[in-house]
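# Fold and geometry: a report
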Amino acid sequence: MVFANARVIDGTGAAPLERASVRIKDGRIAEVAESIAPSSEGAAERTIDVDGRTLMPGLIDAHAHLSSDISRSPGFGPPPPLKGELPRPRELGYFVLAKTARALLDAGVTSVRDVGSYDDEAIVLREAIRLGIIDGPRVLSCGRIISATAPGGAIFTTMYREADGPDDMRKAVREQLRRGADFIKLMATGARSVLAEDPEPAQMTADELEAIVDEAHRLGVRVAAHVEGLDGARLAVAAGVDTIEHGLSLHREPALLDEMARREIVLVPTLSTFHDLAERFTGAFAPALVEQAKRQLSEAYSTLTAAHAAGVTLAMGHDSGPPGENAIELVRMVEGGLSPLEGIAAATRGSARALGLSDTGMVTAGALADLLVLDGDPLDDIRTLLGPERIWMVVRGGAVVAGHRHARELSAA
Ligand SMILES: [Zn+2]
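The following refers to the structure shown. As the structure is a prediction and not an experimental result, all values here were calculated from the model.

Cut-offs and rules
Residues numbered from 1 in each chain as written. Predicted model: local features only at pLDDT ≥ 70, side-chain atom pairs only at ≥ 80, totals over all residues. Heavy atoms only, no water. Pairing = 2+ DSSP bridges. Helix = DSSP H or I, 4+ residues; strand = E, 2+ residues; numbered from the N terminus. Axes fitted to C-alpha atoms, helices over the stretch in contact; angles between N-to-C directions. Contact = heavy atoms within 4.5 Å. Buried < 20%, exposed > 50% of the residue type's maximum accessible area, 1.4 Å probe, protein only. Polar contact = N/O pair within 3.5 Å; in protein donor to acceptor, adjacent residues only side chain to side chain. Core = buried A, V, L, I, M, F, W, Y, C linked by side-chain atoms within 4.5 Å. Phe/Tyr/Trp six-rings, centres within 6.5 Å; stacked < 30°, edge-to-face > 60°. Lys NZ or Arg CZ within 6 Å of the ring centre and 35° of its normal.

### A few points about the sheet that holds strand 6 (residues 59-64)
Spatially, the three strands line up as an open sheet ordered 6-7-8, and their pairing is parallel. Strands with a single pairing partner mark the edges of an open sheet, and in this sheet they are strand 6 and strand 8 (138-141). Within this sheet the neighbouring strands show an average axis-to-axis angle of 15°, counted without direction. Here strand 7 (residues 109-114) pairs with strand 8 via four bridges, running parallel. When the sheet's bridge partners are listed, Asp 114 is paired in strand 8 with Ser 141. Taken strand by strand, helix 2 (residues 121-130) contacts strand 7 and strand 8, and its axis lies near 150° from that of strand 8.

If you want it as structure tokens, here you go:
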């Protein structure tokens, strides 16, 4: 298959190629060029003239909670139960997860990193997609989040594996791999969404954090650290985690950002989640948390620009709902100071780095053919990425999986 006549944004931050062609073979990008000579397969090769539309890597969400608990997505799942109705079967949640997978593809999200769901839901969804039972993006799961024994455990229940002391931390890492986790997520600090937790101090000791990172890296998986306050940021960076999630306080200590840039630790700023708590769901949270979130929101934007200036790799993590509105995070990163080209690079190659994937997030020869073709010009208006009607075609691993051009073909067939 060849996409001809495309405006190619390759995800590296380079200026777009105009009127280029992209050849797909065996699920990967075989060639990107000004013009492509017909292959030896000749007429058997399908050419799609995209008529000057923008072709870019599929979006990658580096911080999602795919959980069937859709409390951050009013209207997405089933309506809330009414008194008198029979209790809902827990297994309904798996259908919600399938709907989530479809919504992500329809929005051009071709990979997603789940940083915590209830039970093993993200792993089950990943397997359903991998085995071809349903369509969906590539899913990476952390299994359960490793946290010190903390109030959050009482709220997040089976999303957490509480552990205490370095040996128990190592055991917790091994347990996640036994479940089928792709990487490890830990809570270096408390969470802003838990009234009984102070997100400022570190929640784990240096010994505990180092044990997790050592065990995970020894066994060949990456580590994502939930970090809010500076003490936790210092410990996480010193221990050598691979990604910092949220990291809103980092602007207060520029040397830490320099260290992250030097050690190639990726920052996932998750601006949207601060908007949620400070603006969107104010009635649903304890007032003290809403006030705290307002301060954190402005800090998160300060850290975005400070990290960018320090040369830290940034990734797009929506950490919000509903599924399919993920690109609002990219829009916010651009409104916060990145150029549209830099924002797109963060949401594609930057996010791929957060996931530890070297062969997606780019439109270059050899990469997986995970692509998005858009109506309109996202460099002129980044909000072009938000409208479902702008998603012309979504390709995952060389197969067309979504987009309104795809839908037209399906209805004509
Ligand atoms: Zn999160």
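### Structural notes on the side chain of Glu 215
As for its placement among the helices and strands, Glu 215 is situated in helix 5 (residues 206-218). The class of Glu 215 is buried, set by a relative accessible area of 1%. Polar contacts involving the side chain of Glu 215 include one to the side chain of Arg 174, which spans 2.7 Å. The residues touching Glu 215, leaving out its near neighbours within four places in the chain, are Arg 170, Val 173 and Arg 174.

### Things to note about the nonpolar core
Ranked by size, the top nonpolar core spans 78 residues in total, and within it Leu 59, Ile 146, Ile 244, Met 260, Leu 330 and Leu 385 carry the most contacts. Those residues in contact with Leu 385 that lie beyond four places of it in its chain are Met 56, Leu 59, Ala 327, Leu 330, Ile 344, Leu 372, Leu 374, Pro 378 and Ile 391.

### Focus: the packing of aromatic side chains
This model, assessed by the stated rule, comprises one aromatic pair. Centre to centre, the rings of Phe 156 and Tyr 160 are 5.4 Å apart; their planes meet at 35°, and the pair counts as tilted. The cationic tip of Lys 99 hangs over the ring face of Phe 76; the distance from NZ or CZ to the ring centre is 4.5 Å.

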